[in-house]
Structure formats: structure tokens, C-alpha cells
Amino acid sequence: MSPLSGLLEYERTNAALGWLVVGGLLVIAVERAASGDPLWSGLAVAVVAVAVVPPLSARNPTEMVAWEVLALAAVPIAGAYLVEFDGQLSFVAVATLALIIAVELDALTDVHMTPDVAVVFVVIVTMAVAALWSLGRFAADALLGTAYLSTNDALMWDLIGATAVGIAAGLVFELYVRRVSPGHALARETWGESR
Amino acid sequence: MSDRENGGQWATYALLTVQAVLLGLVGYGAVTGTFGLAAMGLVGLGATLVPRALARRYDHEVDSRLAVWIGLAVLGHVVGFLGLYEIHSGPLRFYDQVAHVISASLVAGLGYAIIEAVDESSTHINFPEDFREVFTVVVILAVGVTWEIIEFSVGGATMALTGEEALVQYGLRDTIYDLTANTLAATALATWGTGYFDDVAAILSLGVFGTERS
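Residues numbered from 1 in each chain as written. Chains lettered and ligands numbered in written order. Predicted model: local features only at pLDDT ≥ 70, side-chain atom pairs only at ≥ 80, totals over all residues. Heavy atoms only, no water.

Caption draft 1: Expanded view of the overall build of chain A. Helix and strand content of chain A: eight helices and two strands. In sequence order, the secondary structure elements of chain A are arranged as β-α-α-α-β-α-α-α-α-α. Taken over 195 residues, chain A has a buried fraction of 51%. On chain A, roughly 8900 Å² of surface is accessible, and the fraction owed to carbon and sulfur atoms is 69%. (Helix = DSSP H or I, 4+ residues; strand = E, 2+ residues; numbered from the N terminus. Buried < 20%, exposed > 50% of the residue type's maximum accessible area, 1.4 Å probe, protein only. Areas by Shrake-Rupley, 256 points an atom, 1.4 Å probe, with all protein chains shown as cover.)

Shown next, in the form of C-alpha cells:
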């Protein structure tokens, strides 16, 4: 049993709450797409896609990622839906998505990592997505005539913001994996072995 | 420790050529009073000696083509500093990006080597080959962001303190081109070049992570 598997749970309560979050995200994804906001719609779809991987691959609807983690990915998306705010907070969702991907890679594939490595993974992936997102916006401006990017300073502050969010998220996950997750019987057992 | 293992004799001759050119540029810089150029050339010459030094220190062979690669990256920047970076038209207009791709591919290789060394550092960690390759590109994107942020903040800080920027960002387009060049370089390295860095990974495992080899 791998140290990260405490974040994949098998309880009904967790599954019910998890599916609730997935349902909510689907509603937001459809609504955002319909009102011409592909960024937030795409992000919601990405979280849903990653969330349904464990239940689909196990053919068992109760095998869900810890619902708190799914909710953390959903909060900035729902927040952007309810109150207008800037894109920077979307990186909270990106960082959480990276954590979920790390957990799923560890549980479902040959890739294995320790909690420390998973935290570094989250920071690196968040920064990489920020870079890709900048390239994507530049390409859209050049090819589609949009005006996402204005000045170099503005772009740099975007990148700094995303990096700060990635590092902060990494620290929070570190605390979460260390303190909250060992409360589960599954995780306690594996942590005893791995430390 | 012979140069026969990887790359053969041509790598030795290529390295000597690059080192001779660098030495010539250091001399030129010293004579003409362009001490920035001389210093850059000296640091570059030092960098080309690193693979050999690592091989000696850890008693592990290092692909001899690596030193040539380092030499070309350094030479690219020194020559760029001489004036080629300032050319913004004609066939040499993309010189900056080409030099950038060569050095970025080295950084990507180092990234790959670190990933491989982390993989070997613990039984709880396993990064299969394809994951290592994809993750190398991800890491380089993040390193690129880090580098741009360093340029931005050092430029801003020195501007506030001295009224001159020590590191210059040339603008939005340049930042985007840098990030694109990094990504292309990392993709090329992950696809074709990882083998050059297996020795470096082994040395990192032994020397930095202290991993026991079976």
C-alpha cells in the first residue's frame, strides 16, 4: 500500500459527497460554456474528468478521491461562477487538480511517489500550467485577435501570482497529507510503514 | 577513463576546438578591455571542464559529447554577447532563440538527470521512462517561469536601487519566445537526448542522494 493512497477513499459518505461535487461542477461547466466563458468551463470539465477516473477504472462508484480535495478544486470554480473575480484564483483549482493527478498516478499506474515528492510535483505542475496558459493566450491573441495579454509586467505578475498560489497550495497539501489524512485507518497503516 | 566510450575521437577534437575558440575570445576580451566578455569566456571555459571533473571525482564515466554540448551553449552566448543578440533582421534574427534552445536543452537534460536520480533514491518512488520524459518538459516549463521571474525581479530591484537594470527583459514577445524555446528544447531532449544524461543521473544518485547501487 502506497503512502499517498490515504487520499483515495472507499466509503459511501465520501463517495456521495464526491459525486455531489462532480454534479455541481457539471452544471457549472454547461452553464459557463453556454454563456461564452470557455476558460472556467474547461477547468470544471478537467476536474470532473480527473475525478471520475478512479470509479470508472475500478467499476465501482464508491471509489472516489477524498471529497474535501474535490471540493477544494471546485471552490474557486464555483466562486468565479457566483461572484466575479480574477483568473488568478483558478490556479488554486489547477494546483488541487495536480494533487489529484499525483494521487491517481500513484494509485492506478506504475508511477509512485512519496508525499514530499507529490507536493513538489504540485508546485511544478502549477507553474508549468501557468507557462502553457501564457503561451495559449499569446497564440490566441496572435491568431484569433483576442486581447488576453497586455504588457510584459502584467504577464510577469500573472506568473508570479500562479507560482505563489502553487507554493501555498503545496504547503497546505503537505499539512493536509501529514495531519488530516493519517486520521484514516488506511493512511495510518501505510504511514507507519513508510516512515 | 578513456574518451573512446561515447562519442569517440571527434568529441575530443570538437571540445578542443570549442575551448580554443573560447580561449581566443578571452584573450580578445582582455586585450581590448572588454572584461565582461573575458569573464564570460573564462566561466564558459570552466563549465566545459565540469564533466571531466565530475568523472574524476566520482570515478564514473561521463559521455564526452556532454562537454561539447556545454561548450557550444557557452560559445553561443559569448558570441551573442559580442553583437549577434542585437541583430533583429535578416537570417540571424533568430540567433537569440537558437542560442536559447541549445542552453535550454542542457538545463532540460540536467532536469531529466535529477528526475532519474530521484527515481532511484527510494523504493517508494518509481518514475517509468515515459513519465520521466513527459515530466522533463513539465519541469522545464516551471524552470522557465522561475527564470523569467528572476529576470523580472532582479531587473526591478536593480532599477530601484541603481537606476539601471542588471538583467533585462526585452518585453512580452521575448518572454513568450523564451518560454516557447524552452518547451521545444525540452521536448527535443526528452524525445532524443535523454541517453546523454544517464551518466549524470548516476553521478547525482551516488554523489548527491547517496543512493547505494547494486
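Caption draft 2: Geometry of the overall build of chain B. Per the secondary structure count, chain B includes seven helices and zero strands. In chain B, the order of α-helices and β-strands from amino to carboxyl end is α-α-α-α-α-α-α. Relative to the globule expectation of 17 Å for 214 residues, the C-alpha radius of gyration of chain B, 19 Å, shows essentially globular dimensions. Each principal axis of the C-alpha atoms in chain B carries an extent, and together these give about 55 × 35 × 35 Å. Across the 214 residues of chain B, 45% fall into the buried class. Total accessible area on chain B stands at roughly 11100 Å², and carbon and sulfur atoms take up 66% of it. Here chain B contributes 9 positive and 22 negative side-chain charges, whose respective centroids are spaced 7 Å apart. (Rg over C-alpha atoms; globule rule 2.2 N^0.38 Å. Lys, Arg positive; Asp, Glu negative; His and termini not counted. Charge placed at Lys NZ, Arg CZ, Asp CG, Glu CD.)

Caption draft 3: Focus on the interface of chain B and chain A. Facing the 26 residues of chain B at the interface are 30 residues of chain A. Between chain B and chain A, roughly 2400 Å² of surface is buried when both sides are summed, and carbon and sulfur atoms account for 84% of that area. The largest contributions to the chain B side of the interface with chain A come from B:His124, B:Phe152 and B:Leu172, which together make up 26% of the buried area. Counting across the chain B and chain A interface gives zero salt bridges. Where chain B touches chain A, the interface holds three residue pairs in polar contact (both at pLDDT 80 or more). Elements with a minimum of two residues in the side of chain B that touches chain A: α5 (129-162) and α6 (172-193) of chain B. (Contact = heavy atoms within 4.5 Å. Buried area = accessible area lost by both parts, 1.4 Å probe. Salt bridge = Lys/Arg side-chain N within 4 Å of Asp/Glu carboxyl O. Polar contact = N/O pair within 3.5 Å; in protein donor to acceptor, adjacent residues only side chain to side chain.)

Caption draft 4: Focus on the packing of helix α1 (residues 8-32) of chain B against helix α2 (residues 35-58) of chain B. All names here are of chain B. Remark: α1 packs on α2, axes separated minimally by 7 Å, with the N-to-C direction vectors making an angle of 155°. Judged by the angle between their axes, α1 and α2 are roughly antiparallel. For the element pair α1 and α2, the recorded crossing hand is left-handed. Every residue of α2 that contacts α1 at Leu15, Gln19, Leu22, Leu23, Leu25, Val26, Tyr28, Gly29 and Ala30 is listed here: Phe35, Leu37, Ala38, Gly41, Leu42, Gly44, Leu45, Thr48 and Leu49. The class makeup of the residues in the contact of α1 with α2 is 13 nonpolar, five polar and no charged. (Axes fitted to C-alpha atoms, helices over the stretch in contact; angles between N-to-C directions. Parallel < 35°, antiparallel > 145°, perpendicular 65-115°, else oblique. Left-handed = near helix turned anticlockwise from the far one by under 90°. Nonpolar A, V, L, I, M, F, W, Y, C, P; charged D, E, K, R; others polar.)

Caption draft 5: Fine view of the packing of helix α4 (residues 95-121) of chain B against α5(B). All names here are of chain B. Their axes nearest at 9 Å, the elements α4 and α5 cross at an angle of 130°. For the element pair α4 / α5, the angle class is oblique. Seen from above, α4 lies across α5 with right-handed handedness. Contacts between α4 and α5 involve Val107, Ala108, Tyr112, Ile115, Glu116 and Asp119 on the former and, on the latter, Glu129, Arg132, Glu133, Phe135, Thr136, Val139, Ile140 and Val143.

Caption draft 6: Seen up close, the environment of B:Val62. All names here are of chain B. For Val62, the location among the structural elements is in the loop between α2 and α3 (65-82). When the C-alpha atoms of Val62 and Ala38 are compared, they prove to be 28 Å apart, with 24 residues separating the residues in sequence. If we skip the residues at most four places from it in the chain, Val62 touches Pro51, Ala55, Asp199 and Ile203.

Caption draft 7: Main features of a nonpolar patch on the surface. Side chains of A:Leu17, A:Leu20 and A:Trp67 sit close together on the surface and give an oily, nonpolar patch of about 280 Å² of accessible area. Its place among the elements puts A:Trp67 in helix α4 (residues 67-82). (Patch = residues over 30% accessible without salt bridge, like charges linked within 9 Å, V, L, I, M, F, W, Y side chains within 5 Å.)

Nothing here speaks to function; it is geometry throughout.
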